[in-house]
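Here are the chains, one letter per residue:
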Amino acid sequence: MAFGVQRPTRASDAVPRMNAMERIIDEGLLIALSAVRMAVKNHIIVGALREHDNFDEASYATVARDELLLLAVQNEEDAARVAKERRELASRRWSQGFTEDERLDLGRLARRRRAHKGLALILHAVADDDEKLAAIVENAQHDASYEIRKALAARLIRQTVDGHAPGYARMREERIKYLLAIDFAMLRDRTSGTNP
């Protein structure tokens, strides 16, 4: 017994059993959250590198919410489509007998509909939870920072110049002109409040 926690005596006591539908919905949620985090990360990177925007948590929380709601709507539409397919299949029962495969399809379609509806409900709940949105944005910001640092390091490595290389003085002049024309101009515009 470590830190006063009693160990369970049976494996079934350790973790509450998750039924198959809960597991499917949980896995769908993990995939959806990963996709939303990636979309927010891409917005952060584009904002930082192309548009030179400062990080604005509220605007990225809006992006996360919009992505979650989009996925929720897609799952609601999928649930409606699957329900329609099931109704069409079930309507054939009266005109002909079901094959074994059709009976299995009825069950599968019902489970798919429940999974889509369940996932849509959870996605709506996450979209309405400011703390969960903040966590998504924070994780996306961390991922974006890593990618930006990696890209900048690669860019700096490519720009490394050997002072003994032929044409160093000529290339140095060009690099200084580039720095003055672009990097300093961008810095001046950002500090004066104008955007290029």
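Because the structure is a prediction, the values reported are computed rather than measured. (Residues numbered from 1 in each chain as written. Predicted model: local features only at pLDDT ≥ 70, side-chain atom pairs only at ≥ 80, totals over all residues. Heavy atoms only, no water.)

## Considering helix α4 (residues 100–127)
Taking 1.5 Å per residue, 28 residues should reach 40 Å; α4 reaches 41 Å between its end C-alpha atoms and fits that length. For α4, the set of buried residues is E102, L106, L109, A110, A115, H116, G118, L119, A120, L123, V126 and A127. (Helix = DSSP H or I, 4+ residues; strand = E, 2+ residues; numbered from the N terminus. Expected span 1.5 Å × (residues − 1). Buried < 20%, exposed > 50% of the residue type's maximum accessible area, 1.4 Å probe, protein only.)

## Focus on the confidence of the model for the chain
Low-pLDDT stretches of the model should not have their predicted coordinates read in fine detail. Mean pLDDT over the chain: 80, with 75% of residues reaching 70 or higher. Across the chain, helix α3 (residues 57–91) holds the top mean pLDDT of 92, while helix α1 (residues 11–14) sits lowest at 46. Every residue in residues 1–15 scores below 50 in pLDDT, and together they form three contacts with partners more than four places removed in sequence or on other chains. (pLDDT = per-residue confidence, 0-100. Contact = heavy atoms within 4.5 Å.)

## A look at the packing of α3 against α4
Their axes nearest at 8 Å, the elements α3 and α4 cross at an angle of 160°. Taken together, the axes of α3 and α4 lie roughly antiparallel to each other. You can see that α3 and α4 cross each other, and the crossing is left-handed. Each residue belonging to the contact of α3 with α4 can be placed in one class, and the counts come to 17 nonpolar, three polar and 11 charged. (Axes fitted to C-alpha atoms, helices over the stretch in contact; angles between N-to-C directions. Parallel < 35°, antiparallel > 145°, perpendicular 65-115°, else oblique. Left-handed = near helix turned anticlockwise from the far one by under 90°. Nonpolar A, V, L, I, M, F, W, Y, C, P; charged D, E, K, R; others polar.)

## Structural notes on the nonpolar core
Judged by nonpolar contacts, the single largest core of 23 residues is most densely connected at V36, V40, I44, A64, L68, L123 and I136. When contributions to this core are tallied by element, the ones reaching two or more residues are α2 (20–49), α3, α4 and α5 (130–159). When residues of this core are assigned to their parent elements, the largest contribution, seven residues, is made by α3. When sequence neighbours within four positions are dropped, the list of residues in contact with A64 reads V36, V40, L133 and I136. (Core = buried A, V, L, I, M, F, W, Y, C linked by side-chain atoms within 4.5 Å.)

## Quick notes on the packing of α2 against α3
For the pair α2 and α3, interaxial distance at closest approach is 9 Å and the crossing angle is 145°. As α2 packs across α3, the resulting crossing turns out to be right-handed. For the pair formed by α2 and α3, the contact residues are A32, L33, V36, A39, V40, H43, I44 and G47 on the first element and Y60, V63, A64, E67, L68 and L71 on the second. Counted by class, the contact of α2 with α3 contains 11 nonpolar, two polar and one charged residues.

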